[in-house]
Amino acid sequence: MSTSASSAAYGTWKSPITAEAITKNVTVTETVLVDQATGRVYHIERRPSEQGRSVLVETDTGKDVVGQEWNVRTGVHEYGGSAALVHDGVAYFSNYSDGRIYVVSQGQEPQAVTPSDKPYRYANFEAHPRYPHLLASVLEDHSVDTPATIVSSLCIVNTQTKSVHPLISGADFYALPKFSPDGNRIAWQQWSHPDTPWQGGQVFIGDVVLEGDSILLSNSVRIAGETGKISAGYPTWANGNTLIFTSDHSGYSNPWKFEGGKASPILSQPVKEDFAPPMWSLDMFPYSIVDSAGTQALWTAVKDGRDTFYIVDIGGKNSPQQIDTPFVAIRGLRSLSQTNHEVVFCGQKADEPENIVQASTSDLQNGSFKVLIQPSVAVKFSKELVSPPRSIALTVPDDGSPLYVVFYGPHNPSYSGSNIPGERPPCVVNVHGGPTEQVGQSLDWKKQYFTTRGWAWLDVNYGGSSGYGRAYVERLDNHWGQVDVEDSILAAKILSQEPYNLIDPKRAVVRGGSAGGFTTLVAISIASDLKFFAAAQSSYGISDLEKLDEFGHKFESHYLHKLIGGTFAEVPEIYKARSPIYHADSIVTPLLILQGEIDKVVPKEQSELIYQSIKERGGVVEYKLYPGEGHGWRQEANMRDALERELGFFSRILGISAAI
């Protein structure tokens, strides 16, 4: 603490962290790619300053692979991911505006290799080992563009003849096609309604038959996963004989393998940690093979609410060896050199922005690594400004079940605390989206934007969140709009009481986006203690479950049924009982609503219904519609406005004179 630190009321502290500083010219790394033929590293970054477009970048040189007219992004499953592949110096990518796959070599203009007259979307490209002009790909056919009629499949794209050939169809969803090293077999993940990939994902393998200018599939067989009961996924080949994947057969997603015609767990005893995240995006992958013989893998897992590394012996002879690193969030793990046991990944600490990192397994064990690229930011802030995360496992009084939260106290080296005796800080209670997601402990300047101004921040990993095993996720089955809401209120109440006394319960505000926005709206309209929160902010939050069921996109079109306990036709009374739109007349909490104009996941009508209902009653409500934005903010100006608008709204409602 600075010797010249002063004191002032919580929420009024002056902070150097401005909304402009943390959004201007910022780039966001979406994923990392490795050209397995050349060993060159690439990444895809999102640029809010360029209308949120995604760009394929050569990591070591910082050069864009394609020009400004291209957007390297896919709309498969709406959430996208895995929009590019680089093989032997040749890049293949999905262009978001037309959905087509393009190929580009250094110094040349991209050339389309898929038809222009088809409303197709592509993702998850995999080059055949012997015939790399043949790409396996996920294909999403939007010829009849409704959730029930969109057709998903795996296909083969011949980049020489510029033709698309079917490989397999019949399931509702496909992902992650992976050729064996000799190209004679292929593995993939698939699932069908009503499951999501983390509820009933299945892994298949089949024989590859080369015929004409394409590939056919024969002898396909399911090797793991069971509809509605066991989720298997993330397949890749360790070598020509062994396929690796994850399965939550034990109740936690652990490493498994398939060899000799049999699937079995790699670990001698199950580990009560999740070694795989729910696959919301197609570029997610939790492990990498790190030796040329395919006997060792580097895996990520969630332990105590943060990511960690494990070295896993694929033969199962040795117990997994945890590697302690400073990274609390790890994603995009890719093999760089199996000879040198090297990987690249996106790694983030609790007090530093995310970096693209290169390291060998021995480097990680020794605490060393190489940063390939740091994020682009307008201003670099001192670590002294950062409020550290505090992971806390609370207990639900009614049944003794755990409730996981991450707390950030008010912190600014220029202030010693409040000048008001006994004052406790106002608190932002953040409800994550999904709802099958998790909030970790990595640095987020938006949170520090509040904490450096004297606010507390509370992330609630309510029942239903990922990272704590399948049973914790399933706490939300049939109870969405109940468990999540009560857990969010309960977490704030517990932290306002002995032995914590960390926040002022009368100045707790709640906020969330998408599914988190739904929880926020329920908390102020239906919850048993609907007046607990002093103010609320919903970003593209769901207000009408019937409309979500009717107009939701394909990926989530049956997700709701497990969360609620049936379809609208089966349990209409539950849909209405938990839809905030039918209870808007109960909302007395001041509410700020932020919405994207072209959001297809939660259409703007959902937000506008709530706004109109409250406004007609004379309630305190504000609504901001962002043109050109979808499900989340991608444009710099809108990111800045949303943050400033939220702090300003909360401060006005609580009567806090704060510098924005």
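Attention here is on the structure that accompanies the text. Nothing here was measured: the structure is a model prediction, and the numbers come from that model.

Further remarks concern the sheet that holds strand β22 (residues 287-289). With antiparallel pairing, the four strands of this open sheet are ordered in space as β22-β23-β24-β25. In the strand order of this sheet, the two ends are held by β22 and β25 (321-323), each with one partner. Going across the sheet, the axis of each strand differs from the next one's by a mean of 25°, ignoring polarity. Note that strand β24 (residues 306-313) and β25 share three bridges and pair antiparallel. Looking across to β25, one finds that Tyr310 is bridged to Gln322.

All chains considered together, the criterion is met by 41 aromatic pairs. Between the aromatic rings of Tyr287 and Trp299, the centroid separation amounts to 4.1 Å while the plane-to-plane angle is 20°, which identifies the pairing as stacked. Placement of the pair is Tyr287 in strand β22 and Trp299 in strand β23 (residues 296-303), with a sequence separation of twelve residues. Neither Tyr287 nor Trp299 differs from the other in exposure class; each is buried. Considering the side-chain rings of Tyr626 and Trp633, the 4.8 Å spacing of their centres and the 65° angle between planes classify their relative orientation as edge-to-face. Residue classification places Tyr626 among the buried residues on the basis of a relative accessible area of 1%. One aromatic cluster in this structure is built from Tyr79, Phe173, Trp191, Trp198, Trp280, Phe555 and Tyr559.

Moving on, we come to the nonpolar core. The nonpolar side chains of soluble globular proteins are, as a tendency, buried together. In this structure, Leu403, Leu458, Trp480, Leu545 and Leu591 are the most contacted members of the largest nonpolar core, which totals 103 residues. Sort the elements by how many residues they give to this core and helix α5 (residues 483-495) lands first, with eight residues. Here this core spans two domains, since at least three of its residues come from each of domain 1 (285-380) and domain 2 (383-654). Residue contacts for Trp480: discarding those within four places in its chain leaves Pro435, Ala515, Phe518, Thr519, Ile542, Leu545, Leu548, Leu560, Leu563, Ile564 and Arg578. Counting 30 residues, the second-largest nonpolar core is a separate cluster that includes Val386, Ala535, Leu654 and Ile656.

A separate point is the sheet that holds strand β10 (residues 120-127). Hydrogen bonds along the backbone pair up the strands of a sheet, which may run parallel or antiparallel. Reading across from one edge, β10-β11-β12-β13 is the order of the four strands in this open sheet, with antiparallel pairing throughout. The open sheet has two edge strands with one neighbour each: β10 and β13 (163-169). Mean inter-strand twist for the sheet, computed between neighbouring axes without regard to direction, equals 35°. Relative to strand β11 (residues 134-141), β10 runs antiparallel, the two sharing six bridges. From the neighbouring strand, Ala127 faces β11, where its bridge partner is Leu135.

So, about the pattern of salt bridges. Note on pairing: side chains with opposite charge can pair once their charged atoms come close. Counted under the stated rule, the structure contains 29 salt bridges. The residue Arg507 makes a salt bridge to Asp504 at a minimum N-O spacing of 3.0 Å. The pair Arg507 / Asp504 is uniform in exposure class, with both members buried. When salt bridges that share partners are traced, they join Glu45, Arg47, Glu50, Arg53 and Asp64 into one network.

Compared with the 18 Å implied by 1.5 Å per residue over 13 residues, the 18 Å span of helix α10 (residues 604-616) between its first and last C-alpha is a close match. Turning to α10, its buried residues are Gln606, Ser607, Ile610, Tyr611 and Ile614. Buried positions in α10, seen along its axis, are confined to an arc of 125° and lie on one side of it. Packing partners of the buried residues in α10 comprise α6 (515-523), α7 (545-551), β37 (591-596) and β38 (621-626). Phi turns positive one or two residues past the end of α10, at Gly618, with a value near 80°.

Cut-offs and rules
Residues numbered from 1 in each chain as written. Predicted model: local features only at pLDDT ≥ 70, side-chain atom pairs only at ≥ 80, totals over all residues. Heavy atoms only, no water. Pairing = 2+ DSSP bridges. Helix = DSSP H or I, 4+ residues; strand = E, 2+ residues; numbered from the N terminus. Axes fitted to C-alpha atoms, helices over the stretch in contact; angles between N-to-C directions. Phe/Tyr/Trp six-rings, centres within 6.5 Å; stacked < 30°, edge-to-face > 60°. Buried < 20%, exposed > 50% of the residue type's maximum accessible area, 1.4 Å probe, protein only. Core = buried A, V, L, I, M, F, W, Y, C linked by side-chain atoms within 4.5 Å. Domains from an automatic or database assignment. Contact = heavy atoms within 4.5 Å. Salt bridge = Lys/Arg side-chain N within 4 Å of Asp/Glu carboxyl O. Expected span 1.5 Å × (residues − 1). Arc of directions from axis to C-beta.

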